[in-house]
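What the coordinates show
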Amino acid sequence: MAKKINSQALEESNLNTLSISQLRKDFNDRVIAPGDAGYDQARTLFYGGMDHHPAVIIRVKGVDDVVRVLKLARETGLPLAVRSGGHSVAGHSISEGGIVLDLAGMRDLQIDIEGQTAWAEAGLTAGEYTTAAAVHGLATGFGDTGSVGIGGLTLGGRVGYIVRKYGLTIDDLLAAEIVTADGQVLHVDEDMNPDLFWAIRGGGGNFGVVTRFQFRLHKVDSVFGGMLFLPATPDTIASFMTLAESAPEELSAIANVMPAPPMPFLPAEYHGKLIIMAMLIYAGDASEGERVIAPFRALATPIADMVKPMEYPEIYPPEQGDYHPMAASRTMFLDHIDRSVAETILKYLKSSTGMMAVAQLRALGGAMARVPVEATAFAHRNSRIMINVAALYGQPEEKATHEAWVTDFAAALQQGDDRGYVNFMGEDGAARIRAAYPGRTWDRLREIKAHYDPNNLFRLNQNIPPTNGK
Ligand SMILES: Cc1cc2nc3c(=O)[nH]c(=O)nc-3n(C[C@H](O)[C@H](O)[C@H](O)COP(=O)(O)OP(=O)(O)OC[C@H]3O[C@@H](n4cnc5c(N)ncnc54)[C@H](O)[C@@H]3O)c2cc1C
């Protein structure tokens, strides 16, 4: 049930620590508080079921604003959330009763066409950046959805459509500007503050507020790819993954095993039946792409085939703005998907009582796996497959049922070590966060956290506790 909030009561309850009217003056009305017209919209995240009521949302305009918001958070002791694109799976980018530092107003993008680099403010979405860079035939790889913010996406690592050709987004991160917990504005790169530069490449929002990222751009003009719909059987799923792993690294493939949506281009007899909805992107010569993708098309008679030469930004089709599903999900890394694993996947998807259940399979390897494991805080580079299983549902009361389904499904898929990825984590708990950062990576992250954020000001995230234990 939605929690009712009385704006006056909230302002009074924090009267000693937070004066909304003063903040409105300080931040030139870039302040949204309970009772304001835009409040409900501003506290809405991509996922539904996260009914958090912050005391104030501050739409920062630049680095000075960020410094001032961090000072406010230190002085009031109120919980601080940092928001870029609002796609946090755990709902971490809106605080309950606290401060939200909202970067949506910081969307500047400066592209150096000759040098093939770009400085991007952290409020940009993957889609906005991709569209602007494509004007120059250039791209930096992000994820599978255009509305995801480059802020959260980059800091967790990012696995997306051109990952096998160009690696993770953090592999194209050249530098960043970051405001640390004590309000210092630091430039980080391989030479300046290299420990912090290492930590923000996979360590999430634990170390400060990144205001700008500098990325490398690649020449990616048109690509060969698009959606391919195939029947989902143990054989098609296992063979799809074998092909995806052995394909040249120009090809990145994502296979969504899920019930066929009632789309007009899918024959009605498939609607609701489990299919493979695959997205294939070959970042290279179109005729070569056609040759590489032919065996995928031959796995079974395609239910629909939309694979063709396309402009790179077409990877991000328009989205439904008011779509806010609730989801129970788990992401893991696997070493193989053979017929028996595929049977398990189909069995669990059939047993879900959610509105929709999906297993998203991504073949990894290529450029991502060539970067040494210790080079960044994203340590699962040698994993071969990433799988994200999820049930979408409509009512908050259903949460326990779908969480239990996800837990059982994940246990049935487990192959050896528990390995996690923070960007897709919900409220998975400390053990799963630990599973994202094996061995020395964890110790090093905790030491760097203790140095830059000893009081854990940035704790609304997949939290890495500082070594001093706060
Ligand atoms: C529909 C959907 C598709 C996705 N697809 C992919 C995918 O293909 N590949 C992939 O790797 N991931 C994917 N993700 C996961 C996504 O990368 C994470 O949810 C990511 O955190 C979202 O970033 P955001 O900026 O939109 O989120 P926000 O909710 O704004 O931020 C999430 C967290 O990141 C931190 N943060 C954000 N910006 C900053 C900043 N500037 N400085 C400091 N900390 C910051 C904060 O801790 C914040 O709580 C997807 C998620 C969704 C919902």
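Below, the structure is looked at part by part. (Residues numbered from 1 in each chain as written. Predicted model: local features only at pLDDT ≥ 70, side-chain atom pairs only at ≥ 80, totals over all residues. Heavy atoms only, no water.)

Of regular secondary structure, the protein possesses 15 helices and 19 strands. At 22 Å, the protein has a C-alpha radius of gyration in line with the 23 Å of a compact globule built from 470 residues. Once the C-alpha set of the protein is aligned to its principal axes, its extents read approximately 65 × 50 × 40 Å. Taken over 470 residues, the protein has a buried fraction of 56%. If you take every contact in the protein between residues at least 6 apart in sequence, the share linking residues at least 24 apart comes to 72%. Of the roughly 19000 Å² of accessible surface on the protein, 52% is carried by carbon and sulfur atoms. (Helix = DSSP H or I, 4+ residues; strand = E, 2+ residues; numbered from the N terminus. Rg over C-alpha atoms; globule rule 2.2 N^0.38 Å. Buried < 20%, exposed > 50% of the residue type's maximum accessible area, 1.4 Å probe, protein only. Contact = heavy atoms within 4.5 Å. Areas by Shrake-Rupley, 256 points an atom, 1.4 Å probe, with all protein chains shown as cover.)

In terms of residue burial, strand 12 (residues 222–231) counts as a mostly covered element, since seven of its 10 residues are buried. Bridge count for strand 12 against strand 16 (residues 308–311) is four bridges, and the pairing is antiparallel. When the bridges of strand 16 are listed, phenylalanine 224 appears paired with proline 309. Summarising the sheet, strand 12 and strand 14 (residues 274–282) pair through eight bridges and their orientation is antiparallel. Bridge assignment links phenylalanine 224 to a residue of strand 14, and that residue is tyrosine 282. (Pairing = 2+ DSSP bridges.)

Attention now moves to unusual backbone geometry. Excluding glycine, residues mostly carry a negative phi; peptide bonds, for their part, are mostly trans. With a phi close to 55°, glutamine 116 is a non-glycine residue in the positive phi region. By the element assignment, glutamine 116 lies in the loop between strand 5 (109–112) and strand 6 (117–121). For arginine 158, which is not a glycine, the phi torsion comes out positive at approximately 80°. For arginine 158, the position within the fold is in the loop between helix 6 (150–156) and helix 7 (163–166).

The next subject is the side chain of serine 84. Structurally, serine 84 can be placed in the loop between strand 3 (80–83) and strand 4 (99–102). For serine 84, a relative accessible area of 14% translates into the label buried. Of note is the side chain of serine 84, whose polar atom sits 2.6 Å from the backbone oxygen of alanine 122. Reaching out from serine 84, the side chain makes a polar contact with the backbone nitrogen of glycine 151 at a distance of 3.2 Å. Residues in contact with serine 84, not counting those within four places in the same chain, are Leu103, Ala122, Gly123, Leu124, Gly149, Ile150, Gly151 and Gly152. (Polar contact = N/O pair within 3.5 Å; in protein donor to acceptor, adjacent residues only side chain to side chain.)

Where helix 11 (residues 339–351) contacts helix 13 (residues 399–413), the axes come no closer than 10 Å and their chain directions differ by 170°. Compared by their axis directions, helix 11 and helix 13 come out roughly antiparallel. Along the contact surface, helix 11 presents Val341, Thr344, Ile345, Tyr348, Leu349 and Ser351, while helix 13 presents Trp405, Asp408, Phe409, Ala412 and Leu413. In terms of residue class, the contact of helix 11 with helix 13 is made up of eight nonpolar, two polar and one charged. (Axes fitted to C-alpha atoms, helices over the stretch in contact; angles between N-to-C directions. Parallel < 35°, antiparallel > 145°, perpendicular 65-115°, else oblique. Nonpolar A, V, L, I, M, F, W, Y, C, P; charged D, E, K, R; others polar.)

Moving on, we get to helix 13. Between its first and last C-alpha atoms helix 13 spans 21 Å; for 15 residues at 1.5 Å apiece the expected length is 21 Å, and the two agree. Turning to helix 13, its buried residues number three or more, namely His402, Trp405, Val406, Phe409, Ala410 and Leu413. Along the axis of helix 13, the buried positions cluster into a sector of 130°, meaning they face one direction only. In helix 13, the exposed positions that point more than 90 degrees away from the buried face belong to Ala400 and Ala411. Against strand 17 (326–334), helix 11, strand 18 (356–363) and strand 19 (385–393) lie the buried residues of helix 13. (Expected span 1.5 Å × (residues − 1). Arc of directions from axis to C-beta.)

A cluster of nonpolar side chains, Met263, Phe265 and Met306, forms an exposed patch at the surface whose accessible area comes to about 230 Å². With respect to the helices and strands, the residue methionine 263 is situated in the loop between strand 13 (251–259) and strand 14. A relative accessible area of 36% means that methionine 263 is categorised as partly exposed. (Patch = residues over 30% accessible without salt bridge, like charges linked within 9 Å, V, L, I, M, F, W, Y side chains within 5 Å. Salt bridge = Lys/Arg side-chain N within 4 Å of Asp/Glu carboxyl O.)

The next point concerns the site of the ligand. Close to the ligand lie 34 residues, the nearest being Ser84, Gly86, Ser93, Val159 and Tyr421. Contact distances for the ligand include 2.7 Å between a nitrogen atom and a backbone N or O atom of valine 159. Within the backbone of valine 210, a nitrogen or oxygen atom sits 2.9 Å from a nitrogen atom of the ligand. Taken by itself the ligand offers 950 Å² of open surface, and the protein chains cover 94% of this. Within the residue set of the shell around the ligand, elements represented by two or more residues are strand 3, helix 6 and strand 10 (209–216). Sorting elements by how many residues they give to the shell around the ligand places helix 6 first, with four residues. Here the shell around the ligand is composed, by residue class, of 14 nonpolar, 16 polar and four charged. (Near = heavy atom within 4 Å.)

Taken as a whole and assessed by the stated rule, the structure comprises 28 salt bridges. Between lysine 165 and glutamate 250 there is a salt bridge, with the nearest N and O atoms lying 3.5 Å from each other. With lysine 165 in helix 7 and glutamate 250 in the loop between helix 9 (234–246) and strand 13, the pair connects residues that are 85 residues apart, well separated along the chain. Look at glutamate 250 and you get partly exposed, because its relative accessible area is 21%. Note that arginine 440 is salt-bridged to glutamate 447, the shortest N-O span being 3.4 Å. Assessed through its relative accessible area of 39%, glutamate 447 is described here as partly exposed. Through salt bridges with shared partners, a single network forms among Arg30, Asp65 and Arg68.

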